[in-house]
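For reference, the chains in residue letters:
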Amino acid sequence: MEAVIVEDLSYRYWPEGPLVLKNMNFRMARGEMLVITGLSGCGKSTLCYCLSGIAGHRRDGVMQGQILLDGKDIQKLRAASLALEVGIVFQDPDSQLFSPSVEDEIAFGPENLCLPPGDIRARVDEVLDLLGISSLIEANPYHLSGGEKHLVALAAVLALDPPLLILDEVMSQLDQQAVQRVADVLKRLKDAGKTIIAVEHRLETVTFADHLMVLERGALARWGPIEPMTADREFLAAQHLID
């Protein structure tokens, strides 16, 4: 069964508003990674909101078409069920960090799954070590740098162990060493069978992905295997994605 099926997806933020996404169609198998890129305002974050169910459950707006996650219609899933299916890291991590310490932030999701204390401790320690942020365990997330906040938000999502990860520019504020660490983590997760959708502009960091999607004004300008698409410098330059 395919992990993600998107059919004729269109979205507008209010009933009479302009289409922000226009008639999008694509499919992903389990364990595949898709990278989404495009100029600012082309619909990347809106697509992430739709794929995570946020657009249909927590935001007003009009969505047409269908999104299936592992065969389940995302519009028919309850919010609590969605949290088990998909984890999202927002472009602005401040919008999802709320606990007084990094440890509490990461433990919050597993605690709400009613996992045994020992399992919660193991998950917290595992993701802290995985992302190289164990030294931040007692820190207040609000006092961290933008890059560190992104890592904590990613750790909190990974602690829930969802089969689908959606990452909206999670590497945008990281230094080069942290970028490489996150890229290595994503490759390991993909190899372990996670399905990953990542908005990213530095395409050289995610060459291990399977597919590249280029959005233009809410429409799918091109979709295909990442290697030949990143090699097409003329197309990327025409889309103003490289100099």
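The rules behind each value
- Residues numbered from 1 in each chain as written.
- Predicted model: local features only at pLDDT ≥ 70, side-chain atom pairs only at ≥ 80, totals over all residues.
- Heavy atoms only, no water.
- Pairing = 2+ DSSP bridges.
- Helix = DSSP H or I, 4+ residues; strand = E, 2+ residues; numbered from the N terminus.
- Axes fitted to C-alpha atoms, helices over the stretch in contact; angles between N-to-C directions.
- Contact = heavy atoms within 4.5 Å.
- Phe/Tyr/Trp six-rings, centres within 6.5 Å; stacked < 30°, edge-to-face > 60°.
- Buried < 20%, exposed > 50% of the residue type's maximum accessible area, 1.4 Å probe, protein only.
- Lys NZ or Arg CZ within 6 Å of the ring centre and 35° of its normal.

**Some points on the sheet that holds strand β7 (residues 164-168)**
Phase 1 of the analysis: In spatial order, the strands read β6-β7-β8-β3-β9-β10; together these six strands make up an open sheet with mixed pairing. Each end of this open sheet is capped by a strand with a single partner; those strands are β6 (86-89) and β10 (219-225). Adjacent strand axes in the sheet meet at a mean angle of 15° when their direction is disregarded.
Phase 2 of the analysis: Of the pairings in the sheet, the one linking β6 to β7 comprises four bridges and is parallel in character. Across the sheet, G87 pairs through a bridge with L165, a residue of β7.

**Quick notes on the sheet that holds strand β4 (residues 62-69)**
Phase 1 of the analysis: Taken together, four strands build an open sheet; the order of strands is β2-β1-β4-β5 and the sheet is antiparallel. Each end of this open sheet is capped by a strand with a single partner; those strands are β2 (21-28) and β5 (72-73).
Phase 2 of the analysis: Judged from the seven bridges that link them, strand β1 (residues 4-12) and β4 form a sheet pairing that is antiparallel. Across the sheet, the residue bridging to V6 is I67, located in β4.
Phase 3 of the analysis: Along the sheet, helix α1 (residues 44-52) contacts β1, β2 and β4; its crossing angle with β1, the most-contacted strand, is approximately 125°.

**So, the packing of aromatic side chains**
Phase 1 of the analysis: As enumerated under the stated definition, the model contains four aromatic pairs in all.
Phase 2 of the analysis: For the ring pair F98 and F108, a centre distance of 4.9 Å and an interplane angle of 85° mean the geometry is edge-to-face. Of this pair, F98 sits in the loop between β6 and α4 (102-112) while F108 sits in helix α4, and the two are 10 residues apart along the sequence.
Phase 3 of the analysis: Looking at F108, the relative accessible area reads 39%, which means it is partly exposed.
Phase 4 of the analysis: Sitting above the plane of the F235 ring, R222 keeps its charged end 3.8 Å from the centroid.

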